Amino acid sequence: AEMKARYAQEKAFHLQGHGEYREIVEEEFLKEVCGSEDVIVHFYHQEFMRCKVVDKHLRILAPKHRNCKMLYLNAEKAPFFISKLAVQMLPTVIVFKDGVAADRLTGFEELGGKDEFRTEVLEHWLSKAGCIKISKSTVRALERPSNTDSESDNDE
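Let me begin by describing the structure that accompanies this report. (Residues numbered from 1 in each chain as written. Predicted model: local features only at pLDDT ≥ 70, side-chain atom pairs only at ≥ 80, totals over all residues. Heavy atoms only, no water.)

This part takes up the sheet that holds strand β1 (residues 21-24). One open sheet accounts for five strands, arranged β1-β3-β2-β4-β5; its pairing is mixed. With partners counted over all chains shown, the strands left at the sheet margins are β1 and β5 (100-106), one partner each. Across the sheet, the mean angle from the axis of one strand to that of its neighbour is 25°, orientation sign disregarded. As paired strands, strand β4 (residues 92-97) and β5 are joined by six bridges and run antiparallel to one another. Opposite V93, over in β5, you have L105 as the bridge partner. Here helix α3 (residues 49-61) sits on the sheet and contacts β1, β2 (38-44), β3 (68-74) and β4; the angle it forms with β2, its principal contact strand, is near 155°. Packing against the sheet, helix α5 (residues 119-128) makes contact with β2, β4 and β5, and its axis sits at approximately 150° to β5. (Pairing = 2+ DSSP bridges. Helix = DSSP H or I, 4+ residues; strand = E, 2+ residues; numbered from the N terminus. Axes fitted to C-alpha atoms, helices over the stretch in contact; angles between N-to-C directions. Contact = heavy atoms within 4.5 Å.)

Bringing the packing of aromatic side chains into the picture now. According to the stated counting rule, one finds seven aromatic pairs in the structure shown. With a centroid separation of 5.7 Å and 80° between ring planes, the pair formed by F29 and F96 is classed as edge-to-face. Note that F29 is positioned in helix α2 (residues 29-34) and F96 in strand β4, a separation of 67 residues in sequence. Neither residue differs from the other here; F29 and F96 are each classed as buried. Between Y44 and Y72 the ring centres are 5.5 Å apart and the planes differ by 65°, which places this aromatic pair in the edge-to-face class. Residue Y44 is located in strand β2, and its partner Y72 is located in strand β3; the two are separated by 28 residues in the primary sequence. Like Y44, the residue Y72 is buried in the burial classification. Three or more aromatic residues link up through ring pairs in this structure, and these residues are F29, F43, F80, F81 and F96. (Phe/Tyr/Trp six-rings, centres within 6.5 Å; stacked < 30°, edge-to-face > 60°. Buried < 20%, exposed > 50% of the residue type's maximum accessible area, 1.4 Å probe, protein only.)

Here is the structure:
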């Protein structure tokens, strides 16, 4: 019975567009964001390299975390929500809980401030925001300082 319930839940998630990273337009925003408990929206600009970096990581994470709907929205074509949500810098990733903005990631400061970061770093931030779940061992591994992250690029 538990497997059957889990299958039904996964099927419902799939029908709501979970498990894939897809683009929406401003007119679809409310329906998409209010239609699921956990939703991530990446506000992007096509020309911005850092938006492409966020895209790359969310594309990897979407199929892995089917409980959370992951979307992206062209900021230039969504003036109403850019204004309503006070998005001032791109990329901005907003986490919605039951249709309400619960947390946001603006730029890369909270991810180490560099353009190059591991997908797990974004995954950890999203888990702290409460929209995805990751294992305790993954969290512990990410919170341990590692040699690769502390190496500075200023040695040259």
